[in-house]
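# Notes for the structure review
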Amino acid sequence: MKDLVRQKLSIHVDVMDLLNKQIEKEAHSSSAYLAMASWCDHNALSNSADFFYEQSAEEREHMMKIFKYINDNGGTAFSPEVGNVNHDFKSLEEIFETALDQEIAITKSIHNLVGKCRKLNDYTTEYFLQWFIQEQMEEEQTMRRALELFDLMGTDGLGLKLLDERIPQIRDKRPE
């Protein structure tokens, strides 16, 4: 009897598979942000480096939230392999453009997951994903705000250094 209870899933199998794919995406994002932080460190952009180290940690937290959710609901979460992480960037602006593209892709993936939950009447997982929807709105907004700074301050010399000093403030303005 105990084994039968453990075998029953609170989430639909198709949703669990998509959640495991989302774990992979969050892990990749975490690694990509780590590569961006390293580039910033090597280019004396310490505030931007700290920003991306923090982003990396956040993405790992997102991954772990999903990982634990799957396991807590009778599923099996899989530890992802991460590969194909870009370490070569030409500028800080390119890094933030890449980060925005990455966040938009994650948002689309979360929306796809919510759509699948609705189609399969997996209301528990849909409810769980609402936090991620809000988080993604904030993440995209943060990256857009950073890119607006490039338009205002420029991309080289003193403008770039001043921009780097402003980076911590874009995170501080996010709603809690």
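As annotated in an unreviewed UniProt entry, the protein is Ferritin from Salegentibacter holothuriorum. UniProt's Catalytic activity (unreviewed entry) comment on the protein is quoted here verbatim: "4 Fe(2+) + O2 + 6 H2O = 4 iron(III) oxide-hydroxide + 12 H(+)". Among the UniProt annotations of the protein, the heading Subcellular location (unreviewed entry) holds the following wording: "Cytoplasm".

### A word on the packing of aromatic side chains
Applying the stated rule across the entire model yields seven aromatic pairs. For the pair Y69 and F128, a centre-to-centre distance of 4.0 Å together with 10° between the ring planes defines the contact as stacked. With a gap of 59 residues between them, Y69 in helix α3 (residues 46–72) and F128 in helix α5 (residues 123–153) connect regions that are remote in the sequence. Taken together, the ring pairs connect Y33, F51, F52 and F96 into an aromatic cluster.

### A look at the side chain of H62
With respect to the element layout, H62 can be found in helix α3. Taking relative accessible area as the criterion, H62 reaches 2% and is therefore assigned buried. Among residues more than four places away in sequence, those in contact with H62 are E26, W131, F132, E135 and E139.

### Focus: the packing of helix α2 (residues 13–42) against helix α4 (residues 92–119)
The geometry of a pair of packed helices is captured by two quantities: the angle between their axes and the separation between those axes. The interhelical angle for the contact between α2 and α4, taken along N-to-C directions, is 170°, at an axis separation of 11 Å. With respect to their mutual orientation, α2 and α4 come out roughly antiparallel. Looking at the contact of α2 with α4 residue by residue, the class counts come to 15 nonpolar, six polar and five charged.

### Things to note about the environment of T107
If you trace the backbone, T107 turns up in helix α4. A sequence separation of 30 residues divides T107 from M137, and the C-alpha atoms of the two residues are 7.8 Å apart. Among all residues touching T107, those that are not within four sequence positions of it are Q136 and E140. Side-chain polar atoms of T107 contact the side chain of Q136, separated by 3.2 Å.

Reading the values: rules and limits
Residues numbered from 1 in each chain as written. Predicted model: local features only at pLDDT ≥ 70, side-chain atom pairs only at ≥ 80, totals over all residues. Heavy atoms only, no water. UniProt positions renumbered as here; feature names shortened; annotations may be inferred. Phe/Tyr/Trp six-rings, centres within 6.5 Å; stacked < 30°, edge-to-face > 60°. Helix = DSSP H or I, 4+ residues; strand = E, 2+ residues; numbered from the N terminus. Buried < 20%, exposed > 50% of the residue type's maximum accessible area, 1.4 Å probe, protein only. Contact = heavy atoms within 4.5 Å. Axes fitted to C-alpha atoms, helices over the stretch in contact; angles between N-to-C directions. Parallel < 35°, antiparallel > 145°, perpendicular 65-115°, else oblique. Nonpolar A, V, L, I, M, F, W, Y, C, P; charged D, E, K, R; others polar. Polar contact = N/O pair within 3.5 Å; in protein donor to acceptor, adjacent residues only side chain to side chain.

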